[in-house]
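Observations on the model geometry
What follows is each chain in one-letter form.
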Amino acid sequence: MSLFAAAEPRLWRENGFVDDDPWMIVEEAQGALPEHAVLPLAGLLARISAGEALPQRLGVRLVADDDVSALAPHLGVVSLVALTFRAFNDGRAFSQASLLRERHGYGGDIRAIGDVLIDQVALMLRCGVTSVLVSHPPTIRRLAEGRIGGIDQRYQPSAAPDAAHGSYSWRRRAVA
Amino acid sequence: MYRYDEFDRDFVTGRVDQFRDQVARRLTGELAEDAFKPLRLMNGVYLQLHAYMLRVAIPYGTLSSRQMRRLAYIARVYDKGYGHFTTRQNIQFNWPALIDTPRILEELAQVEMHAIQTSGNCIRNVTADHFAGAAADEVADPRPYAEILRQWSSLHPEFSFLPRKFKIAVTGAERDRAAIQVHDIGLHLKRGQDGSLGFAVHVGGGQGRTPMVAKKIRDFLPEQHLLSYVTAIMRVYNLHGRRDNKYKARIKILVHETGADELARQVEAEWEALRDGELRLPASDIEAIRTYFAPPALPDRAEGWAVLAVQKRDDPAFAAWVNRNVTPHRHPDYACVTISLKPIGGIPGDATDDQMEAVADIAERLAFDEIRVTHEQNLVLPHVALADLKAVYDALVPHDLATANAGLVTDIIACPGLDYCALANARSIPVAQQLSQRFADAARQEEIGELKIKISGCINACGHHHVGHIGILGVEKKGEELYQITLGGSGDETTSIGEIIGPGFGPDTIVDAVETLVDAYLSLRLSRDETFLAAVRRLGLAPFRAALYESAKEAA
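Residues numbered from 1 in each chain as written. Chains lettered and ligands numbered in written order. Predicted model: local features only at pLDDT ≥ 70, side-chain atom pairs only at ≥ 80, totals over all residues. Heavy atoms only, no water.

**Remarks on the overall build of chain A**
Per the secondary structure count, chain A includes six helices and eight strands. What you see in chain A, going N to C, is helices and strands ordered as β-β-β-β-α-β-α-β-α-β-α-β-α-α. Over its C-alpha atoms chain A spans a radius of gyration of 17 Å, differing by no more than 12% from the 16 Å that the globule rule assigns to 176 residues. By principal-axis analysis of the C-alpha atoms, chain A measures approximately 55 × 40 × 30 Å. When each of the 176 residues of chain A is scored for burial, the buried share is 50%. (Helix = DSSP H or I, 4+ residues; strand = E, 2+ residues; numbered from the N terminus. Rg over C-alpha atoms; globule rule 2.2 N^0.38 Å. Buried < 20%, exposed > 50% of the residue type's maximum accessible area, 1.4 Å probe, protein only.)

Rendered as structure tokens:
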């Protein structure tokens, strides 16, 4: 276990911390949803198949077991997809993020929630994550200092568009 | 061979800086061990029985003299004067201090080496035929593809936290010297009907506690689809591989539980969506990498034929070494030399700093500056003129590097076992040493012929016992070491998993048991042309079992 107690979760984007983030993670509940609710996938699918009215701004939350392709036909109704990084060594959400961006052309916010630690943030961004919810104090501190970690050089293309780095290292060399 | 450019250098340097920071945070306690562990593993740092161990990547087993000298230097300065070449064509240092590891990585980075992804649940060092680019029987050099895979898989953002480790091997010849069918992905480079290059794709092979031979899921994948297809496999595995039990987390279990046909269908479906995207490799991409592997200019040295004949006649020990450790090269005036790291009674795969220096000198002087590490824990000089073989041999002899036993009964693979490893249940090294001494006689070894003994000190099978013609697995039973014997395994193009012959043997009787099996083979074989493996395949285990256990009964 970490020696550092969890802090109040903070939301971080590539341009810094965001203090007025409106999104609320909600458990499945009966009745009308508030704006900016983030529902579990099963709840979203149930409401859609029941033909319920949905808020203008709606989010969905996937766990690592969820199949992204079940969400794919409904991406038009969500403005945020939260992916659960269940544990440091469980890498499924990296594939989920990549599939949302590359395969399904999702352009909204992809948020990393769960066990978010600094050493994975750079990889998350490359897979298309655009915001991270952090409660690990050293991670919050590092992000605040702008020390995201990771390595500037990239050998391979990835889901996040990356004009600065291009695709393969050897193609850059061939051009240079 | 592949040369780092500015990009690779910056990458490796960036990685060293990143790791130094991670070690510092671990030492202050900011980074908990459970979060540090996957990070240190991805940089090759293991915690072993007595100390940390550093595993250094040798991509597809190819080294220059300069790199070998640096390994010797690290062995001398940061370790106890030796290193251990592994079955993944890597080298392990058994005694570094954690605090020194960033400095060692810096030393390595200066010679274009690193320890990235030599452990952890990521795509490991890609291995290839150790005679690649030199063998007389290959369709094309597999190393450019291994290098493309190395680059593509390095710190891959999507595939750095897989269910379990992932191993890829590539071979370019029908004769499989890379054991591709016991890899997570085995790629067999071959020519299609129209003469173009592509791969047969095997998935889900592996050893460990559940050994499995890979299933071929595609007979011919055109080369431009290499990365899109491998990505498709990785993605299916990353999403669906089991994470509830580390012993069931390798892709072989997914293949087994899903069924090869269904898994192939999922992979093909994923690939359909990827194949014409950015992962497609145009010919120019492959060519850009292939230029790095341009073979050295090998001038004709036809005088070697006559010179060699005379030298062999004059020196029987040299002749024996040539017959055993020298194999054909695609250029008739050259040969590939296997440098045995299996001296009689030695520790398989170990090399001292002086031996590494000696090999580096010889390679530089006589072998175009190129050295290979084999998955059988030997070294190879891939390009040696026949006319220079004697000079190479004479330079190897004083360093105890000229043992003429490649492929013979004393060319044993063994894992580090209980002498080093935190996972082991039994010792492997002493068994290997005793077997080596028992069969020390060179004439007897030649009489026995090709026989691969492989020893693992636990069920994780790092010593590849499942594919040993004779496999030995050390287990622990009631506090004692016990050795199980399997027969009939093979890691080549006819891959098979060995079968357990019967009750195991203690440390005092295992060597006798192996000798009994070897003697049984000698009496059962049709002729000298029938190898041990062929005899086991023809006869089954019964006559060997009878020899092993009935003689024991009589003795008892």
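That shown, we press on.
**Some details on the overall build of chain B**
When helices and strands are counted, chain B shows 18 helices and 20 strands. Relative to its length of 556 residues, chain B is compact, with a C-alpha radius of gyration of 23 Å against a globular reference of 24 Å. Taken along the three principal axes of its C-alpha coordinates, chain B extends 65 × 60 × 55 Å. Within chain B, the proportion of its 556 residues that are buried is 65%. On chain B, roughly 19500 Å² of surface is accessible, and the fraction owed to carbon and sulfur atoms is 51%. Side chains of chain B carry 63 positive and 74 negative charges; the gap between the two charge centres is 4 Å. (Areas by Shrake-Rupley, 256 points an atom, 1.4 Å probe, with all protein chains shown as cover. Lys, Arg positive; Asp, Glu negative; His and termini not counted. Charge placed at Lys NZ, Arg CZ, Asp CG, Glu CD.)

**Topic: the sheet that holds strand E8 (residues 185-191) of chain B**
Residue and element names in this part refer to chain B. If you trace the five strands from one edge of the open sheet to the other, you get E6-E7-E8-E9-E10, paired in mixed fashion. The sheet is open, and its two edges are formed by strand E6 (127-128) and strand E10 (215-222), each paired on a single side. Pairing of E6 with strand E7 (residues 168-171) involves two bridges; the strand directions are parallel. Across the sheet, residue Thr127 finds its bridge partner in E7, namely Ala169. (Pairing = 2+ DSSP bridges.)

**As for helix H10 (residues 303-314) of chain B**
For H10 of chain B, spanning twelve residues, the distance from its first C-alpha to its last is 17 Å, which sits close to the expected 16 Å at 1.5 Å a residue. Next to the buried residues of H10 of chain B lie helix H11 (316-325) and helix H13 (389-396) of chain B. (Expected span 1.5 Å × (residues − 1). Contact = heavy atoms within 4.5 Å.)

**Some remarks on the sheet that holds strand E18 (residues 470-477) of chain B**
Residue and element names in this part refer to chain B. Overall, mixed pairing links the five strands, which are arranged E16-E17-E18-E19-E20 in an open sheet. Both outer strands of the open sheet, strand E16 (413-414) and strand E20 (499-500), are each paired with one neighbouring strand and no more. As defined by bridge partners, E18 adjoins strand E19 (residues 480-487) across eight bridges and the pair is classed as antiparallel. Residue pairing for E19: Lys477 is matched across the bridge by Glu480. Running over the sheet, helix H16 (residues 510-524) touches strand E17 (453-456), E18 and E19 and is turned about 15° from E19. (Axes fitted to C-alpha atoms, helices over the stretch in contact; angles between N-to-C directions.)

**Comments concerning the interface of chain B and chain A**
Opposite the 50 residues of chain B that make contact, chain A presents 43 residues. For the pairing of chain B and chain A, the buried interface totals around 3900 Å² over both sides, and the portion due to carbon and sulfur atoms is 57%. For chain B, the biggest contributors to the area lost against chain A are Glu30, Pro157 and Phe161 of chain B; these three give 19% of the whole. Connecting chain B to chain A are six salt bridges. The salt bridge partner of Arg103 of chain A is Glu270 of chain B, with a shortest N-O separation of 2.5 Å. The set of elements that each furnish at least two residues to the side of chain B that touches chain A consists of helix H1 (6-28), helix H2 (33-41), helix H5 (143-153), helix H6 (226-240), helix H8 (260-274) and helix H9 (283-290) of chain B. The dominant element in the side of chain B that touches chain A, judged by the number of residues it contributes, is H1 of chain B, at ten residues. Its residues placed into classes, the side of chain B that touches chain A shows 24 nonpolar, ten polar and 16 charged. (Buried area = accessible area lost by both parts, 1.4 Å probe. Salt bridge = Lys/Arg side-chain N within 4 Å of Asp/Glu carboxyl O. Nonpolar A, V, L, I, M, F, W, Y, C, P; charged D, E, K, R; others polar.)

**Digging into the environment of Ile151 of chain A**
Secondary-structure assignment places Ile151 of chain A in the loop between helix H5 (137-144) and helix H6 (169-175). When its relative accessible area of 12% is taken as the criterion, Ile151 of chain A is described as buried.

**Description of the pairing of strand E6 (residues 80-85) of chain A**
Working note: regular strand, side chains alternate between the two faces of the sheet. Residue and element names in this part refer to chain A. Burial within E6 is extensive, with six of its six residues counted as buried. In E6, alternate side chains face the same way, and those of Leu80, Ala82 and Thr84 on one face and Val81, Leu83 and Phe85 on the other are all buried. Here strand E5 (residues 58-62) pairs with E6 via four bridges, running parallel. Residue pairing in the sheet places Gly59 in a bridge with Leu80 of E6.

**Points about the packing of aromatic side chains**
Counted by the stated rule, this structure contains 19 aromatic pairs over all chains. Centroid distance Tyr60 of chain B to Phe293 of chain B: 5.7 Å. Interplanar angle 65°. Geometry classified as edge-to-face. With Tyr60 of chain B in the loop between strand E2 (52-56) and strand E3 (62-63) and Phe293 of chain B in the loop between H9 and H10, this residue pair connects regions lying 233 residues apart in the sequence. Take Tyr60 of chain B and Phe293 of chain B: they sit in the same class, and that class is buried. Residues Phe166 of chain B and Tyr237 of chain B carry aromatic rings whose centres are separated by 5.4 Å and whose planes lie at 45° to one another, so their mutual orientation is tilted. With Phe166 of chain B in the loop between H5 and E7 and Tyr237 of chain B in helix H6, this pair connects stretches of sequence that are 71 residues apart. By the burial criterion, Phe166 of chain B is buried, and Tyr237 of chain B matches it. Grouped by ring-pair contacts, the aromatic residues Phe85, Phe88 and Phe94 of chain A together with Phe161 of chain B constitute a single cluster. (Phe/Tyr/Trp six-rings, centres within 6.5 Å; stacked < 30°, edge-to-face > 60°.)

**Points about the state of the cysteines**
Per the counting criterion, the structure on display carries zero disulfides over all chains. Cysteine Cys122 of chain B is unpaired, with the sulfur of Cys127 of chain A as its nearest cysteine sulfur at 15 Å. Cysteine Cys458 of chain B is unpaired, with the sulfur of Cys421 of chain B as its nearest cysteine sulfur at 6.0 Å. (Disulfide = S-S within 2.5 Å.)

**Some points on helix H14 (residues 429-438) of chain B**
Burial in H14 of chain B covers these residues: Ile429, Pro430, Val431, Ala432, Leu435 and Ser436 of chain B. Buried positions along H14 of chain B lie against E16, E17, E18, E19 and H16 of chain B.

**Details of the side chain of Glu370 of chain B**
Residue and element names in this part refer to chain B. For Glu370, the position within the fold is in the loop between helix H12 (353-366) and strand E14 (371-373). Taking the relative accessible area as the measure of exposure, Glu370 reaches 6% and is therefore buried. At 3.2 Å, the side chain of Glu370 and the side chain of Arg143 are in polar contact. (Polar contact = N/O pair within 3.5 Å; in protein donor to acceptor, adjacent residues only side chain to side chain.)

**A short note on the packing of helix H3 (residues 92-103) of chain A against H8 of chain B**
Packing of H3 of chain A against H8 of chain B leaves a shortest axis separation of 11 Å and a crossing angle of 45°. Judged on the interaxial angle alone, H8 of chain B and H3 of chain A are oblique. For the pair H3 of chain A and H8 of chain B, the crossing hand works out as left-handed. Of H8 of chain B, the residues touching H3 of chain A (which contributes Leu99, Glu102 and Arg103 of chain A) are Glu270, Ala273 and Leu274 of chain B. Tallied by class, residues from the contact of H3 of chain A with H8 of chain B come to three nonpolar, no polar and three charged. (Parallel < 35°, antiparallel > 145°, perpendicular 65-115°, else oblique. Left-handed = near helix turned anticlockwise from the far one by under 90°.)

**Details of the pattern of salt bridges**
A complete count under the given rule lists 68 salt bridges over all chains for this structure. The salt bridge involving Asp19 of chain A is made with Arg10 of chain A; its shortest N-O contact spans 3.2 Å. Residue class for Arg10 of chain A comes out partly exposed when judged on its relative accessible area of 30%. Between Asp90 of chain A and Arg86 of chain A there is a salt bridge; the shortest N-O distance is 3.0 Å. One continuous salt-bridge network, built from bridges that share partners, spans Arg69, Arg76, Asp353, Glu357, Asp361 and Glu364 of chain B.

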